[in-house]
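Spelled out from the first residue to the last, the chains are:
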Amino acid sequence: MVRGMTDDEKKERKVRYTGIDLALLAVVGVISGIIFAGGWSIYYAVEAVAGPVGARLASYGLWFIGAPLAATLIRKPLSALLGETVGAFVETLIAPAGGITNIIYGVLQGAASELVYFAMRYKKWDSIAGALSGLAAGPIAVALDALLFGDIGSSLEMSLWVIAAMASGAIYGFISSYAAKSIRRGK
Amino acid sequence: MDGSRKSPKPSVLFLYSMAVSAMAFIFSSPAALAVPAILNSILGFPLGRRSLPMKLVFIILIFNMWGALLNGIYFHNEGFVVLSIGGFAVRSGAFASFITLNLRFFLIIGATLLMLGLSGGSRELVRSLERDLGMPPWIAFSISHAFRLFPLLSRDYGELIVARKEREVGTNIFNPIVLKEVLFSMLSVSYERAVWSGISAELRGVKIRKRSMRGKIELQDLAVLALAAAEWVYAFFSSSLI
């Protein structure tokens, strides 16, 4: 059957999400949704002690882990975008601290992370790619915060926040994709 | 079945919630946000009791207020002194930012609770998004499956904590090392379960599930959409756009 396929059919077959992929996406959605919901309290607690830069460094990456987690487990185009979006959807329904705006954040951050895997032609799914996908979501989150929460500072402050968000995304992206990779390898 | 429904479609409520939440991104003056925020809070909080425990909602609100206060002090503490605590002055800019941010939170959370309360549960909401707004069935499957996993994951978590207590290793998940170990164990068990439930879904023919028919737009749906439009018009005329 596979031998008789055209190139396009082969490509389509490769992108198709199987039942296992969808179930994995659901697992990522639950775990990341719970982490996203918990991220708010971590952010507020750290912000009181360490200020905006410390809070971004400690917590922002937690809100980006849906993408590297899903991409490393599923390893198919759009998995990063879907992982982040489903996580945000779950967060909205279980503890709507940010209400439905979570979905806007989820879609845009997921799209930024997805671009990293797209740039790598969907060939690399390792921890470095995970770190880069977390890193890519940082500027989007800071931009949305400026719109929604009015978090606008001087150019130096804004640069520091973006760097902190990117660094946090890279750290948590690396850890989550490393964990996902170890689990895949162990099976 | 659709003809006898009394509440608006969950997909329409989703659109309402999206449209109203978008106002929080666009409008920044308290005058524009106050009426929609109060309206959505009055409607949303009593209805939200149906789908979320009120204790959780109040905890979220207290956290958000704390965040809004910190946000105001860090980013907008300028102008005349409103309050002086010890040597620290809270200025008018911080106070105005605190008010605006809380109005945004009440607007967003009120609209979301309204959607959750009237939509009849997450499963109904996802089904309606699939049927009416064209959400791909496979994404709807993942979200619905995610909600089915909740009881299993909480059971796993309980068992894991009991086992860790008996082994006398840490159970405080705010410790990053404990958190990493607990997450890794849960992810490992969930991966196994996902593989088998995925195989089961494939065998039951998840691929060939057909999309159900789109329901009619009724009067109550139009009323919800009209309310969103009215809130937008009100906000537009009572403030200047950013």
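So, here's what we can say about the structure. In this text, all values refer to a predicted model and were calculated from it rather than measured experimentally.

### Quick look at the interface of chain A and chain B
Phase 1: Tallying the contact residues gives 54 residues for chain A and 58 residues for chain B.
Phase 2: For the chain A and chain B pair, buried surface summed over both sides reaches about 5100 Å², with 81% attributable to carbon and sulfur atoms.
Phase 3: Of all residues in chain A, Tyr44, Leu93 and Ile100 of chain A bury the most surface against chain B, accounting for 14% of the area lost on that side.
Phase 4: One can count zero salt bridges joining chain A with chain B.
Phase 5: Applying the counting rule to chain A against chain B returns seven residue pairs in polar contact (both at pLDDT 80 or more).
Phase 6: Grouping the amino acids of the side of chain A that touches chain B by side-chain chemistry returns 38 nonpolar, ten polar and six charged.

### With respect to the environment of Asn40 of chain B
Residues and elements named next belong to chain B.
Phase 1: Among the structural elements, Asn40 can be located in helix H2 (residues 30–48).
Phase 2: What makes Asn40 buried here is its relative accessible area of 0%.
Phase 3: Put simply, Asn40 and Glu181 are 141 residues apart on the chain and 41 Å apart in space, counted from C-alpha to C-alpha.
Phase 4: Sequence-distant contacts of Asn40, that is, excluding residues within four places in its chain, are made with Tyr16, Val20, Phe45, Leu107, Gly110, Ala111, Leu114 and Glu231.

### Comments concerning the packing of aromatic side chains
Phase 1: Scanning the entire structure with this criterion turns up 19 aromatic pairs over all chains.
Phase 2: Taken together, a centroid distance of 5.2 Å and an interplanar angle of 25° make the contact between Tyr17 of chain A and Trp138 of chain B stacked. Note that Tyr17 of chain A is positioned in the loop between helix H1 (7–15) and helix H2 (19–59) and Trp138 of chain B in helix H6 (residues 137–166), a pairing that runs across two chains.
Phase 3: Looking at Tyr17 of chain A, the relative accessible area reads 10%, which means it is buried.
Phase 4: Judged by its relative accessible area of 31%, Trp138 of chain B falls in the partly exposed class.
Phase 5: An aromatic cluster of at least three residues, connected via ring pairs, comprises Trp40, Tyr43, Tyr44, Tyr60, Trp63 and Phe64 of chain A together with Phe63 of chain B.
Phase 6: Sitting over the face of the ring of Tyr17 of chain A, Lys76 of chain A holds its NZ or CZ atom 6.0 Å from the ring centroid.

### Description of the side chain of Ser79 of chain A
Residues and elements named next belong to chain A.
Phase 1: With respect to the helices and strands, Ser79 occurs in helix H4 (residues 79–94).
Phase 2: On the accessibility criterion, Ser79 (1% relative accessible area) is buried.
Phase 3: A polar contact of 2.6 Å, which involves the side chain of Ser79, links it to the backbone oxygen of Lys76.
Phase 4: When neighbours within four sequence positions are excluded, Ser79 is seen to be in contact with Tyr17, Leu25, Ala70, Ala71, Ile74, Glu114 and Trp125.

How each quantity is defined
- Every chain's residues receive numbers from 1 upward, in the order its sequence appears when written.
- Each chain is given a letter, starting from A, and each ligand a number, starting from 1, according to the order in which they appear as written.
- Owing to the predicted nature of the model, reporting of local features is limited to residues with pLDDT of at least 70; listing and counting of side-chain atom pairs is limited to 80 or more, with chain, interface and lining totals taken over all residues.
- The basis for every side-chain value is the complete set of non-hydrogen atoms in the structure, without hydrogens or water.
- Note on contacts: a residue pair is in contact if any heavy atoms of the two residues lie within 4.5 Å.
- The term buried area means the drop in 1.4 Å probe accessible area that two parts suffer when joined, counted for both and summed.
- Salt-bridge detection follows one rule: a side-chain nitrogen of Lys or Arg within 4 Å of a carboxyl oxygen of Asp or Glu.
- Polar contact is the term for a pair of N or O atoms within 3.5 Å; when the atoms are in protein, one must be able to donate a hydrogen and the other to accept it, and sequence-neighboring residues count only if both atoms are side-chain atoms.
- Note on residue categories: nonpolar means Ala, Val, Leu, Ile, Met, Phe, Trp, Tyr, Cys or Pro, charged means Asp, Glu, Lys or Arg, and polar means any other residue, Gly included.
- Each helix is a run of H or I in the DSSP string that is no shorter than four residues. Each strand is a run of E no shorter than two, and both are numbered from the N terminus.
- Burial classes: relative accessible area under 20% of the type maximum marks a residue as buried, over 50% as exposed, and values in between as partly exposed (1.4 Å probe, protein chains only).
- Two aromatic rings, drawn from Phe, Tyr or Trp (for Trp, its six-membered ring), form a pair once their centres lie within 6.5 Å of each other, and the interplanar angle then sorts them: stacked below 30 degrees, edge-to-face above 60, tilted otherwise.
- Two thresholds decide whether a charge sits over a ring: the Lys NZ or Arg CZ must be within 6 Å of the ring centre and within 35 degrees of the ring normal.

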